[in-house]
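Chain residues, written in single-letter form:
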Amino acid sequence: METATKHTEENKQTLKNEVVVDIDHISKSFGTNEVLTDISLKLKRGENVVVLGKSGQGKSVTIQCIVGLLTPDKGTVKVFGDDVAEMDADELKELRTMVGFLFQSGALYDSMTVRDNLEFPLTRVLKLTDRAEIDKRVEEVLDGVGLLDAIDKMPSDLSGGMRKRAGLARTMIVRPEIMLYDEPTTGLDPITSREISELILNMQKKYKTSSIIITHDMECAKITADRVVIMNEGTYIAEGSFDELKKSEDTLVRSFFNETT
Amino acid sequence: MAEQVITGYKRWLEGIGEQGVFFKNFFRNIFRGGFEWSEFVRQCYEIGYRSMLLVGITSFIMGLVLILQLRPSMLEMGAESMLPKTLAVSFIREIGPVIIAIICAGKVASGIGAELGSMKVTEQIDAMEVSGANPLQYLVVTRILATSLMIPLLTVIGDAIGLFGGYLALNFTDDISFSLYFHKCIASLEFIDLFPALVKTVFFGFAIGFVGCYKGYNSNKGTESVGLAANSAVVTASLWIFVIDAIAVQITSLLFYR
Ligand SMILES: Nc1ncnc2c1ncn2[C@@H]1O[C@H](COP(=O)(O)OP(=O)(O)OP(=O)(O)O)[C@@H](O)[C@H]1O
Ligand SMILES: [Mg+2]
């Protein structure tokens, strides 16, 4: 994908306001189940957008469209200005190396230890060969999520929260330009949750990552969000900063914020 | 009713098309750079070594039982001295390869189907794909090549164990020295007994790996689909083994018995 690489090169020097992910009026149905009706979202460089919404509204489906795991029925998704639907296999692969995707389930490869899980993208995708460099990056990122002790454990020996953090570490280790987090803090205790939220914030600061964060955790939203969108019945019903939405009169919007206020 | 039949047919044809695409992708990914050697070796170990005991026991019993079953009628015909030859030819040409392939379809194809199926359900395959790595190369190519290599190897070992089982059975009643038995077996075998049998086991191995991978890789995302993938992998692979066997016998007789 020469064009996209070229874009990113250009982008680095230019506009801060440049849009890296442009979702333009997409809709998606599975059989008769109409999941997304009309979704539009522009993610700017270096920005954290938090997506809130009830369970089963299609939040995960939306971000799967960004990396080409699902194709929208209508509308387009552009990443770095290129239409995802029109990419061939090699272009898609190159796109995916620039986009990190944290699965809701963590999706650790359960035939490998945590260390091998983390090495996998380093050796297969970034094609690193320097042993010392690989070890350093693995340990650094595991330390970040507080899992250094579990480095040689198998995923089946980890708790749910640990698996989630290991999945997060595996996504972060390649330092992608865009991160898509699907519920990064769900199932974690409040303290770890806060640490993870701060880690996400840190990624943004350190590597200028642009992120879409799907969450139900208002504390995480509060810490990480530059902008919040709320999703209901396949479309976005509200958008604004965390504090703006908190003051909203809309009952549905309010219901998200009630628990914390 | 008619509609159901038609959609059934359509599904079936679509399935064939999908398998064609899967085969093409598999083939293309073999020659892409970055062959996954360590995963390939691990799979060879998992598939080959871990099936050894099962294959050994089955082959041993088959050899033993065949001799015991054959003996009375051979005795009647006064062809008792033909027993080692009969066993060797039938075992190596047909019984060994097919029985061992069927056993491995049950163990290996279902194992691969279930493993890849559960990787699909838990989004591991998606995660691999989304990370920019190549799941086909890592998961599918290694497994299919491993079965294509290990099933022939297991068959060779199984054949040897089966013949040994036959030897023990002969010794229940007769007294035949091992070297004589061995000599009788080996002397009775010709190139056309060994070579086509070995070639067909490569195809058996391929079918086992391919079907297991295809069923697992393309399973749905529900939990029940893991079981379905494993189950249909066994059924389809077994069916393929018999079909390949039938084709192989035709080709062999065309090529060698003219
Ligand atoms: N691959 C798929 N095939 C068929 N239906 C799907 C698929 N993926 C998602 N769906 C359906 O899409 C709807 C939205 O699912 P999605 O996972 O996006 O919800 P969500 O907003 O992420 O919910 P949660 O907060 O519980 O994760 C669900 O009804 C689900 O059944
Ligand atoms: Mg979800």
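The preceding data block contains the structure.
The text that follows walks through the structure, step by step, so that each part is easy to find.

Conventions we followed
Residues numbered from 1 in each chain as written. Chains lettered and ligands numbered in written order. Predicted model: local features only at pLDDT ≥ 70, side-chain atom pairs only at ≥ 80, totals over all residues. Heavy atoms only, no water. Near = heavy atom within 4 Å. Areas by Shrake-Rupley, 256 points an atom, 1.4 Å probe, with all protein chains shown as cover. Helix = DSSP H or I, 4+ residues; strand = E, 2+ residues; numbered from the N terminus. Nonpolar A, V, L, I, M, F, W, Y, C, P; charged D, E, K, R; others polar. Salt bridge = Lys/Arg side-chain N within 4 Å of Asp/Glu carboxyl O. Buried < 20%, exposed > 50% of the residue type's maximum accessible area, 1.4 Å probe, protein only. Donors = N, O, S within 2.8 Å, 3.2 Å for Na, K, Ca; no water. 1 Å grid on protein atoms, 1.4 Å probe; cavity = no way out; pocket = protein on both sides within 12 Å on 5 of 7 lines; lining within 4 Å. Points joined across faces, edges and corners; volume = space filled by probe spheres on them. Pairing = 2+ DSSP bridges.

Re the site of ligand 1
All names here are of chain A.
In step 1: In the vicinity of ligand 1 there are 13 residues, among which Ser55, Gly56, Lys59, Ser60 and Gln104 approach most closely.
In step 2: Relative to its unbound accessible surface of 640 Å², ligand 1 loses 66% to contact with the protein.
In step 3: By residue number, the principal contributor to the shell around ligand 1 is helix H2 (residues 59–66), which donates three residues.
In step 4: Residues belonging to the shell around ligand 1 are distributed by class as follows: three nonpolar, eight polar and two charged.

Quick word on the pattern of salt bridges
In step 1: All chains considered together, the criterion is met by 24 salt bridges over all chains.
In step 2: The shortest N-O distance in the salt bridge between Arg124(A) and Glu36(B) comes to 2.6 Å. One end of the pair, Arg124(A), is in helix H4 (residues 114–124); the other, Glu36(B), is in the loop between helix H1 (2–30) and helix H2 (37–76), on a second chain.
In step 3: Judged by relative accessible area, which is 21%, Arg124(A) ranks as partly exposed.
In step 4: Note that Arg143(B) is salt-bridged to Glu115(B), the shortest N-O span being 3.0 Å. Residue Arg143(B) is located in helix H5 (residues 135–173), and its partner Glu115(B) is located in helix H3 (residues 83–121); the two are separated by 28 residues in the primary sequence.

Digging into the coordination of the magnesium ion (ligand 2)
Residue and element names in this part refer to chain A.
In step 1: Donor atoms from the polypeptide that coordinate the magnesium ion (ligand 2) comprise Ser60 (OG) and Gln104 (OE1), at 1.9 to 2.3 Å from the metal. Taken together, the residues span a long stretch of sequence, with Ser60 in helix H2 and Gln104 in the loop between strand E6 (99–102) and H4 at a distance of 44 residues.
In step 2: A relative accessible area of 36% places Gln104 in the partly exposed class.

A word on empty space enclosed by the protein
In step 1: A complete count under the given rule lists four cavities of 30 Å³ or more for this structure.
In step 2: Of the volumes computed, that of the largest cavity is approximately 160 Å³.
In step 3: Forming the boundary of the largest cavity are 15 residues, of which Gly100(A), Phe101(A), Arg170(A), Thr171(A) and Ser131(B) lie nearest the centre.
In step 4: Where the lining of the largest cavity is concerned, the elements lending two or more residues are helix H3 (89–98), E6 and helix H6 (160–172) of chain A together with helix H4 (124–130) of chain B.
In step 5: A total of three residues in the lining of the largest cavity trace back to one element, the largest contributor, which is E6(A).
In step 6: Counted by class, the lining of the largest cavity contains nine nonpolar, four polar and two charged residues.

Some remarks on the pairing of E6(A)
Residue and element names in this part refer to chain A.
In step 1: Burial along E6 is two-sided: Val99 and Phe101 and Gly100 and Leu102, pointing in opposite directions, are all buried.
In step 2: Alignment of E6 against strand E7 (residues 178–182), held across four bridges, turns out to be parallel. Among the inter-strand pairings, Gly100 is bridged to a residue of E7, identified as Met179.

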